[in-house]
Amino acid sequence: MDVAVKLFNDGIIHRYVHKNEPNYLENLVKTISELQHEYFVDLSQIIINALAIKPEIFELEPPSCLNDPVFIRFFDEFIKKQKITEYYLLDEMGSFLFLDENGKLSWLVLNDEDLMEATEFEIDLENVKINPQLAKSIHNRGVLRYVFNHDEYPAPENIDKVVNLFYPATKLVGKTNYYYSYIEKPLMNPTIDTSQIISYHDYRSKMVKKK
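The numbering scheme is per chain: residues are counted from 1 as the chain's sequence reads. Owing to the predicted nature of the model, reporting of local features is limited to residues with pLDDT of at least 70; listing and counting of side-chain atom pairs is limited to 80 or more, with chain, interface and lining totals taken over all residues. The side-chain quantities take in all heavy atoms of the structure and omit both hydrogens and water.

### Describing the nonpolar core
Inclusion rule: Here, nonpolar core means buried Ala, Val, Leu, Ile, Met, Phe, Trp, Tyr and Cys residues that are tied together by side-chain atoms lying within 4.5 Å of each other. Only protein chains enter the accessibility calculation, which uses a 1.4 Å probe; a residue whose area is less than 20% of its type maximum is buried, one above 50% is exposed, and one in between is partly exposed. Here a helix means four or more residues in a row that DSSP labels H or I, a strand means two or more in a row labelled E, and each is numbered from the N terminus. In what follows, a contact means two residues having at least one pair of non-hydrogen atoms within 4.5 Å.
One finds Phe71, Phe74, Phe75, Phe96, Phe98 and Leu108 to be the most contacted residues of the largest nonpolar core, which totals 18 residues. Where this core is concerned, the elements lending two or more residues are α2 (24-50), α3 (69-81), β1 (84-89), β2 (96-100), β3 (105-112) and β7 (177-183). Ranked by residue count, the leading element in this core is α3, at five residues. In this structure, Phe96 is in contact with Phe40, Leu66, Phe71, Phe75, Tyr87, Tyr88, Leu89, Leu90, Ser106, Trp107 and Leu108, ignoring residues within four places of it in sequence. Core analysis: the next-biggest nonpolar cluster, separate from the first, contains 13 residues, Leu99, Trp107, Tyr167 and Ala169 among them.

So, in structure tokens, the structure goes:
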């Protein structure tokens, strides 16, 4: 115990779980998960600051969803269900790029109420001609718009093609209303060099051969 206290005071360890306490394994797993989340939030903050597009903004807040227990629980359950091995934060809203153990790409796109409302307003402002069913879905928050590469957004003369950017949305109620879409087959082709992706299985095979 004296050693543990000294390590705490020296800033060498972050948490201490005694192996003789009740529910030791459960507490150990919980502690590891909490530390992973703290690390991810800290790392995300660095990335978000680096990607700030306005020079007058020195620091941006991390996506609010990363501090929302409802979203965190949803996210943890989601990546387990989809067998995700890697994930990367894509934007300040809280969208993610996923890779499974076979190196397959997918996306979890996240919008909040303000962004959904802004999308509806923009569609009305641009007077885009869309079918009534899609218009109703946009108004009822049943779909969300997502552009994988902003240079692929339709030019003004082709604005009717904006309908190809909508995906089915599901509502998640946490500290705020979130709307998410899990995209496995994008309607637009993201410019990603998949030849640079090494699947977890291939990585493990290479590591075994090296040993």
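### Digging into the layout of surface pockets
Gaps left between atoms show up when a probe the size of a water molecule is rolled over them. As a reminder of what qualifies: Detection works on a 1 Å grid of protein atoms alone, calling trapped sets that fit a 1.4 Å probe cavities and calling open sets with protein on both sides within 12 Å along at least five of seven lines pockets, with lining residues defined by an atom within 4 Å of a point. Grid points are joined across faces, edges and corners, and a volume is the space filled by probe spheres set on the points. Put simply, Ala, Val, Leu, Ile, Met, Phe, Trp, Tyr, Cys and Pro go in the nonpolar bin, Asp, Glu, Lys and Arg in the charged bin, and everything else, Gly too, in the polar bin.
Put simply, the second largest pocket is a space of about 610 Å³. Lining of the second largest pocket is provided by 20 residues; of these, Ser33, Gln36, His37, Asp76 and Tyr87 occupy positions nearest its centre. Looking at the lining of the second largest pocket, the elements that each hand over two or more residues are α2 and α3. A breakdown of the residues in the lining of the second largest pocket according to their chemical character gives twelve nonpolar, three polar and five charged.

### What to know about the pattern of salt bridges
Definition in use: Salt bridges are counted wherever a side-chain nitrogen of Lys or Arg sits within 4 Å of a carboxyl oxygen of Asp or Glu.
Throughout the structure, instances matching the rule amount to four salt bridges. For Asp10, the salt bridge is made with Lys6, and the minimal N-O distance between the two is 2.8 Å. Lys104 is paired through a salt bridge with Glu184; the nearest N and O atoms lie 3.2 Å apart. With Lys104 in the loop between β2 and β3 and Glu184 in the loop between β7 and α6 (200-210), this pair connects stretches of sequence that are 80 residues apart. The exposure class assigned to Glu184 is partly exposed, which follows from its relative accessible area of 39%. Through salt bridges that share partners, Glu113, Glu120 and Arg141 make up one connected network.

Purely spatial values, then, with no claim about function.
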